[in-house]
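# Structure assessment
Single-letter residue listing:
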Amino acid sequence: MLAVAVLLGGFALLLAWPIPLVLSRASWPNRSPAIALALWQAIALGGGLSMIGCLLVFGASPAGSLLGAAQALLPLLFTGPIPPEFGVVHLAALTLAAGLALHLALNLALTAVRAERERRRQHQLIDLLSDPMPGQPRTRVLAHPVPLAYCVPGIRSATVLTDGLIDALDEAELRAVIAHERAHLDQLHHLVLLAFRAWHSALPWFPIANRAERSVALLAEMLADDHARRESDDEALRRAMLQVGSGGEPGAYADSGGVVPDVTMLEARLARLDEPQQLSGPLTGSAVVWTAAIIVAVPIVALLATLGALA
């Protein structure tokens, strides 16, 4: 079991720093944001499972298996005495594993509650201050001179446009903006962003958490852009993006308190409009998908292998 703990620890270290760093600097995610987004989710999930699993397996190693450790410790948790084969370091590892898992789960729950509260507040304001847009279901028009467009997710989702934006855009540009915002809603980008926001909130001192959240936010924007490109042409989307600028999407991000698109993200989105949308070939895309699957499978298989292993 100690070998498994070392394996999980090394894997967690790789997923915590060098792999996300390389991915955040790579150029291919701009050409295939959907696959890159899946890979980021696999890295986050695999890294969390590996960190917790490493501590759990090491702490349970005196019993020879996770099940054996549970049978040896749980009945004596409050009555004692603790079996002598479990030293302080093993108990500390088990406590840290439980504490980390609880910390991550509570942060996710708290982030979700805050996001839902903010979404309800935004829907109340939209109902009060905006009017339905004729011919466009789930779209509201807000009387405001600044060109803005954003979406508010939830069971009762809404796309919000301002009078200033409608006056500034032609028909093709407006169609691109609406398609972009609806892609955020239909593809449930707010849930993906919320998960990474919770990760960053749980580990604010962890530099890669901020890098991951920012990369995922940019990929979500690019996915929405690709949907808009299918509804309109690239030039119309480019003109619309320049009109809206980098401050046009508060609704999709403010509900989770996460990263808000900025000028750097806007420049990256504009630059990729002239680039191909796919990876160099299907084999490359398949390799990335398989890599994501392996990243998640490694800690799961390792933990299952030690669940009832013999001492």
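A brief report on the enclosed structure follows.

Conventions we followed
Residues numbered from 1 in each chain as written. Predicted model: local features only at pLDDT ≥ 70, side-chain atom pairs only at ≥ 80, totals over all residues. Heavy atoms only, no water. Helix = DSSP H or I, 4+ residues; strand = E, 2+ residues; numbered from the N terminus. Buried < 20%, exposed > 50% of the residue type's maximum accessible area, 1.4 Å probe, protein only. Contact = heavy atoms within 4.5 Å. Areas by Shrake-Rupley, 256 points an atom, 1.4 Å probe, with all protein chains shown as cover. Phe/Tyr/Trp six-rings, centres within 6.5 Å; stacked < 30°, edge-to-face > 60°. Axes fitted to C-alpha atoms, helices over the stretch in contact; angles between N-to-C directions. Parallel < 35°, antiparallel > 145°, perpendicular 65-115°, else oblique. Left-handed = near helix turned anticlockwise from the far one by under 90°. Nonpolar A, V, L, I, M, F, W, Y, C, P; charged D, E, K, R; others polar. Expected span 1.5 Å × (residues − 1). Polar contact = N/O pair within 3.5 Å; in protein donor to acceptor, adjacent residues only side chain to side chain.

### Describing the overall build of the protein
Helices and strands together make up the secondary structure of the protein, namely 13 helices and four strands. Taken along its principal axes, the extent of the C-alpha atoms in the protein is 75 × 45 × 30 Å. The burial tally for the protein puts 48% of its 311 residues in the buried class. A fraction of 71% describes how many contacts in the protein between residues 6 or more apart in sequence connect residues 24 or more apart. If you sum the accessible surface of the protein, you get close to 15100 Å²; carbon and sulfur atoms cover 68% of it.

### Describing the packing of aromatic side chains
Inspection of the entire model under this criterion finds two aromatic pairs. Taken together, the ring pairs connect Phe196, Trp199 and Phe206 into an aromatic cluster.

### So, the packing of helix 3 (residues 33–60) against helix 5 (residues 88–129)
Look at helix 3 against helix 5: their axes get within 7 Å of each other, and the N-to-C directions meet at 150°. Here helix 3 is positioned roughly antiparallel relative to helix 5, judged by the angle of their axes. The handedness of the crossing between helix 3 and helix 5 is left-handed. Residue-level contacts link Met51, Ile52, Leu55, Leu56, Phe58, Gly59 and Ala60 of helix 3 to Val89, His90, Ala93, Leu94, Leu96, Ala97, Leu100, Ala101 and Leu104 of helix 5. Residues of the contact of helix 3 with helix 5, tallied by class, amount to 14 nonpolar, two polar and no charged.

### Considering helix 7 (residues 171–186)
In this model, helix 7 (16 residues) spans 22 Å end to end at C-alpha, consistent with the 22 Å of a helix rising 1.5 Å per residue. Between a side-chain oxygen at the N-terminus of helix 7 and the backbone nitrogen of Ala172 the separation is 3.2 Å; the capping residue is Asp170.

### Regarding the packing of helix 3 against helix 8 (residues 189–202)
Closest axis-to-axis distance for the helix 3/helix 8 pair is 12 Å, and the angle between their directions is 35°. Between helix 3 and helix 8 lies a crossing of left-handed hand. Side by side, helix 3 and helix 8 meet where Leu37, Trp40, Gln41 and Ala44 of the first sit next to Val192, Phe196 and Trp199 of the second.

As far as function goes, none of this settles anything; it's purely spatial.
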